[in-house]
Amino acid sequence: MERVILHSDLNSFYASVECLYHPEIRNFPVIVGGDVEKRHGIVLAKNEIAKKYGIITGETVLEAKRKCPNLVSVKPDYEKYLKFSRMAREIYGRYTDLQESFGIDESWIDCSYAGRLFGSGEKIADEIRKTIYSEMGITASVGVSFNKIFAKLGSDMRKPNFTTIINKENYKYTAWKLPVSDLLYVGRSTAKKLHNLGILTIGDLANTDSGILHDHLGKWGIVLQRFALGKDESPVKQNAEGFVKSVGNSSTLPRDVNTIEDARSVFYMLSESVASRLREHGLKATTVQIYIRDNLLQSCERQAQLRYPSFLSNEIAEKAIEIFIKKYQIKNPIRSLGVRGTNLVQKDKALQLDFFTDFEKREHLEELEYAIDDIRRRYGYHSIQRGIIFVDNKLTGGNPKDHVIHPVSYFDNSIV
């Protein structure tokens, strides 16, 4: 059976939800952004009107307002966005339980078997778009293809509120003419390397000698070429409501970070939040992943395994710092940092013991962190803090649990 994969992207999601709640601003250029005074002032989303002024996601609110003086800026409300995200997933669930979130506003939907009941992929996509608009009051663009990569490419091609088909018959003249930077996971740095090789379009990438790609990009070049050739076979992973794939937190910092010492303080602040949420879910992480974005808006992720599954903030923070020191060089000042616990297991999963670890001490540390959770629930998050947080209270003084949205990786963590 040929696969039928949809990718649904809720258009200008944060901004669309805010305009729904505040109809008086819907005819103005609108962005959703952070607090400029606290340097969290980057554009998280913009409506279609704001896009016409050249405003882009990730630039500062101040830069956006220079482009458009009459810009309306709204602070984010993640509880509302999570509510609408759940509503969208409920709509997808009317067709199939094979749906995989790719962030709060995007999902892959496997309709390979749903077609027997609901018709073609295009018909299902059109129905989903109409239902989202009628029941949620916002729009979505949906790509339909035979794999996840081209389905996402389709949803990105025509916005807002379009269905785009990329199938085995048309992908060479539909997808291959697009800039190579449109392909998933071809970021700014990779695009620059490809451009230096004369690879400007997705078709160029598909038709380049694989040896050249391997020489210049390693195995990553081969992965991207498979994407371009339509050979992505990754499945849509079933996400049940409430299923936790990873627990992470990131923050745009009040000032740029240039030193390992500053990064250490931020990693501890974020790891406190990540560890606390792991404990809330009864989970432990076996892998720690860090996210880094510099002041040129170039970003990367690095990861490494923990020796034992953990929800201890100290172990997560120290592993994050170790990854940062070993796998990242500070070339430009850092604007944002993130920590994520992945490859999650149940907290009571059996361990292979050894003679070199004091497991009794680890149990006491776990009990201590549970006690800290109890104190914070009763007296507030700031009632008990690590000393390192006070080295620069402006940098680390916020409550990281106030902001918990973190991007989701396309790949299984064992592959990245």
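Note that the structure is predicted; figures quoted are calculated from it, not measured.

Draft legend 1. A look at the environment of N167. With respect to the helices, strands and loops of the structure, N167 is situated in the loop between β8 (163–166) and α8 (171–174). The spatial distance from the C-alpha of N167 to the C-alpha of N147 is 9.0 Å, given a sequence separation of 20 residues.

Draft legend 2. Layout of the packing of helix α1 (residues 13–21) against helix α4 (residues 78–92). Following both chains from N to C, one finds α1 and α4 inclined at 100°, their axes separated by 10 Å at the closest point. Between α1 and α4, the interaxial angle falls into the category roughly perpendicular. Across from F13, Y14, V17, E18, L20 and Y21 in α1, the residues of α4 making contact are Y78, K80, Y81, K83, F84 and S85. Looking at the contact of α1 with α4, its residues break down into eight nonpolar, one polar and three charged.

Draft legend 3. Looking closely at the sheet that holds strand β2 (residues 30–33). What the three strands build is an open sheet, ordered β3-β2-β4; its pairing is mixed. Two strands in the sheet have a free side with no partner beyond their single neighbour: β3 (43–46) and β4 (72–74). Across the sheet, the mean angle separating the axes of adjacent strands is 30° when strand polarity is ignored. The pairing of β2 with β3 spans three bridges and is classified as antiparallel. In the strand pairing of β3, I31 is matched with K46. Docked against the sheet, α1 engages β2, β3 and β4, running at close to 110° with respect to β2.

Draft legend 4. Summary view of the pairing of strand β6 (residues 106–110). Taken across its five residues, β6 has five buried, putting it largely inside the fold. Bridging between strand β1 (residues 5–10) and β6 involves five bridges; their strand directions are antiparallel. Paired with L6 across the bridge in β6 is I109. Bridge count for strand β5 (residues 99–101) against β6 is three bridges, and the pairing is antiparallel. What sits directly across from S101, in β6, is S107. The hairpin formed by β5 and β6 contains four residues between the paired strands, and G103 there has a positive phi angle of roughly 90°.

About the thresholds
- Residues numbered from 1 in each chain as written.
- Predicted model: local features only at pLDDT ≥ 70, side-chain atom pairs only at ≥ 80, totals over all residues.
- Heavy atoms only, no water.
- Helix = DSSP H or I, 4+ residues; strand = E, 2+ residues; numbered from the N terminus.
- Axes fitted to C-alpha atoms, helices over the stretch in contact; angles between N-to-C directions.
- Parallel < 35°, antiparallel > 145°, perpendicular 65-115°, else oblique.
- Contact = heavy atoms within 4.5 Å.
- Nonpolar A, V, L, I, M, F, W, Y, C, P; charged D, E, K, R; others polar.
- Pairing = 2+ DSSP bridges.
- Buried < 20%, exposed > 50% of the residue type's maximum accessible area, 1.4 Å probe, protein only.

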